[in-house]
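The lines below spell out each chain.
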Amino acid sequence: MAISCYADLLDEARAQPDPQRLLFVFTRAELPDHPSEEQRHRFEQGEGGVLTPVVCVDKAPEELSDMAALVAESGETGVDWDIVFVAALAGEDAEVRAEQQLERMVESLKMGNISQFLAFDRQGEAVDIG
């Protein structure tokens, strides 16, 4: 199944035979350190920048409903975000392994390694960041 939106992700996770944990890393678009004028201009136009991890959490698919609820829950942290990256962790011990895997995920994102994760905007649409 091609995942084109957050609802597809939840459907797919719930359909798996093994227990799942969804790992979420919320990121905010920011200017890089020492930006050039061009980078600054593009960022002001809503393009470019770097995605900085600001909040992470793991959830079972059963704890989730829709993107509006996820946005509302994340709003309770008081931290703004632009793109959320998601990975799935399967198995009976997924909840136990989630924190360590979230740490690895954050480090991967900081290094710019994003290809193994799904990315969604605040409306729940899949985003291709390339």
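Preceding block: the structure.
A brief structural summary. Remember, it's a predicted structure, so these values are computed and weren't measured experimentally. (Residues numbered from 1 in each chain as written. Predicted model: local features only at pLDDT ≥ 70, side-chain atom pairs only at ≥ 80, totals over all residues. Heavy atoms only, no water.)

**A look at the environment of Arg122**
Stage number 1. Mapped onto the elements of the fold, Arg122 is located in the segment after strand E4 (118–120).
Stage number 2. Residue Arg122 is classed as partly exposed on the basis of its relative accessible area, which comes to 33%.
Stage number 3. In sequence terms Arg122 and Leu22 are 100 residues apart; their C-alpha atoms lie 17 Å from each other.
Stage number 4. A polar atom in the side chain of Arg122 sits 3.0 Å from the backbone oxygen of Trp81. (Helix = DSSP H or I, 4+ residues; strand = E, 2+ residues; numbered from the N terminus. Buried < 20%, exposed > 50% of the residue type's maximum accessible area, 1.4 Å probe, protein only. Polar contact = N/O pair within 3.5 Å; in protein donor to acceptor, adjacent residues only side chain to side chain.)

**Quick look at the nonpolar core**
Stage number 1. Within the largest apolar cluster, 15 residues are counted, with the highest numbers of intra-cluster contacts made by Tyr6, Leu22, Phe24 and Val84.
Stage number 2. Every element with two or more residues in this core is listed here: helix H1 (6–15), strand E1 (20–30), helix H3 (67–75) and strand E3 (83–90).
Stage number 3. Tallying contributions element by element places H1 first for this core, with 4 residues.
Stage number 4. Every residue in contact with Leu22, bar those within four places of it in the chain, is listed here: Leu9, Leu10, Ala13, Val57, Asp58, Lys59, Pro61, Leu64, Val86, Ala87 and Ala88.
Stage number 5. Val25, Phe85, Met105 and Leu109 belong to the second largest nonpolar core, which has 14 residues in total. (Core = buried A, V, L, I, M, F, W, Y, C linked by side-chain atoms within 4.5 Å. Contact = heavy atoms within 4.5 Å.)

**Topic: the sheet that holds E1**
Stage number 1. Overall, antiparallel pairing links the 4 strands, which are arranged E2-E1-E3-E4 in an open sheet. On the outer flanks of this sheet lie strand E2 (50–59) and E4, each paired with one strand and no other. The sheet shows a mean angle of 25° between the axes of neighbouring strands, taken without regard to direction.
Stage number 2. With 8 bridges connecting them, E1 and E3 associate as antiparallel partners. Bridge pairing in E3 links Thr27 to Ile83.
Stage number 3. H1 contacts E1, E3 and E4 of the sheet and is inclined by roughly 160° relative to E1.
Stage number 4. Of the strands in this sheet, E1, E2 and E3 touch helix H4 (residues 94–110), which is tilted by about 25° from E1. (Pairing = 2+ DSSP bridges. Axes fitted to C-alpha atoms, helices over the stretch in contact; angles between N-to-C directions.)

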